[in-house]
Amino acid sequence: MSTVFFHGRITMPQPTFRSFSLIIIIALCLYLPLWESLAGGVLWRVHWHSPLMMDYISSYLRFIKLVMVLIGLYLFIAKQHLIATTIDHWLARKVFNCFGYLFGYTQLVVLTLGVFAMFIFPTNFQYVHRNQDVEGGTIYVYTADPGAMGTAYHYVYLQCTLPLNRYQLTYIAQLTWMRNFQIAVDNDDVVITDTNNPETVHRHPIPDYPCAL
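Residues numbered from 1 in each chain as written. Predicted model: local features only at pLDDT ≥ 70, side-chain atom pairs only at ≥ 80, totals over all residues. Heavy atoms only, no water.

Q: I'd love a proper account of unusual backbone geometry, names of residues and values included.
A: A positive phi angle, near 60°, is found at R45, a position not held by glycine. Classification of R45 as partly exposed rests on a relative accessible area of 48%. (Buried < 20%, exposed > 50% of the residue type's maximum accessible area, 1.4 Å probe, protein only.)

Here's what the structure looks like:
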C-alpha cells in the first residue's frame, strides 16, 4: 500500500486484497483455536473412531493450536499499520485490537502450560481408556485419576457406532477406583469385577439404545 499525492493533497492508502487477507488470517489463527477449546469436546465433539483416538488427537491438537496462536499474535503485532489502514473505523479497530491482545495472550499462556504439562505429566492412554467389545456394541470405561489432587473414579459407558466411523457414548455408571478390573456382559447387565478383590463386583443394567446388546 502506498500513499498517493493528488493535486497537492495526500490520499490515504486504500485497503487491498492483501490487507483483507491478513485480517482474515489473524482472525482464524486467534479465534479458531479459541472456538475449538470452548466447544466442550475435541474438534467440536466430532467423536471419531473412539475416545482413545480422540485423546491422541487432542494431544497433537494442543501443539497445532499453540503454533496457530503464535503466528496470529506475530502478525497481529507486526502488521498493526496494515490493520489500521484496513479497519479505518476507530471503534471497530479498537475492538479488534482489544480482543486480539486479550484472547491472543490468554491462549498463549494456557496452551503453553498445557503443552508443558503433557511432558511433565504424560498420559497413560491405555490406563485411562479401557473397552470391551461385546455383541452389538462396546463397553467403554474412562478412568479419571487426578492423583494426589483428588479421588479417582471409573466412568462406564455404552459405546455405539454411528455413520462415518463416529461413535456415541451413553452413560451407565460411576465406580470407585480399582487398580485392575475385568469387563463382561451378563443378561443385558455390564459386570465389572475387581481382579485384585474378586468379591467386589459391580453390576449395572445397560440402557436401552439402538445398539442394544
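Q: Kindly report on the confidence of the model for the chain, identifying the contributing residues and their values.
A: Averaged over all residues, the pLDDT of the chain is 88; the fraction at 70 or higher stands at 90%. Here residues 1-8 scores under 50 on pLDDT; set against residues more than four positions off or in separate chains, the count is 16 contacts. (pLDDT = per-residue confidence, 0-100. Contact = heavy atoms within 4.5 Å.)

Q: Help me get a handle on the sheet that holds strand β9 (residues 201-205), residues and values and all.
A: In spatial order, the strands read β7-β8-β9; together these 3 strands make up an open sheet with antiparallel pairing. Here the strands that pair on one side only, and so sit at the sheet edges, are β7 (181-186) and β9. Neighbour-to-neighbour, the strand axes of this sheet turn through a mean angle of 20°, independent of strand direction. Bridge count for strand β8 (residues 189-194) against β9 is 5 bridges, and the pairing is antiparallel. The residue bridging D189 from the neighbouring strand is P205, located in β9. (Pairing = 2+ DSSP bridges. Helix = DSSP H or I, 4+ residues; strand = E, 2+ residues; numbered from the N terminus. Axes fitted to C-alpha atoms, helices over the stretch in contact; angles between N-to-C directions.)

Q: Explain the layout of surface pockets residue by residue, including any values.
A: Of the volumes computed, that of the largest pocket is approximately 580 Å³. The wall of the largest pocket is formed by 20 residues, among which R62, A117, F121, P122 and T123 lie closest to the centre. At the level of secondary structure, the elements contributing two or more residues to the lining of the largest pocket comprise α2 (51-78), α4 (90-120), α5 (125-128) and β4 (137-144). The greatest single-element share of the lining of the largest pocket, amounting to 5 residues, is contributed by α2. In terms of residue class, the lining of the largest pocket is made up of 11 nonpolar, 6 polar and 3 charged. Counted as a void, the second largest pocket has a volume near 340 Å³. (1 Å grid on protein atoms, 1.4 Å probe; cavity = no way out; pocket = protein on both sides within 12 Å on 5 of 7 lines; lining within 4 Å. Points joined across faces, edges and corners; volume = space filled by probe spheres on them. Nonpolar A, V, L, I, M, F, W, Y, C, P; charged D, E, K, R; others polar.)

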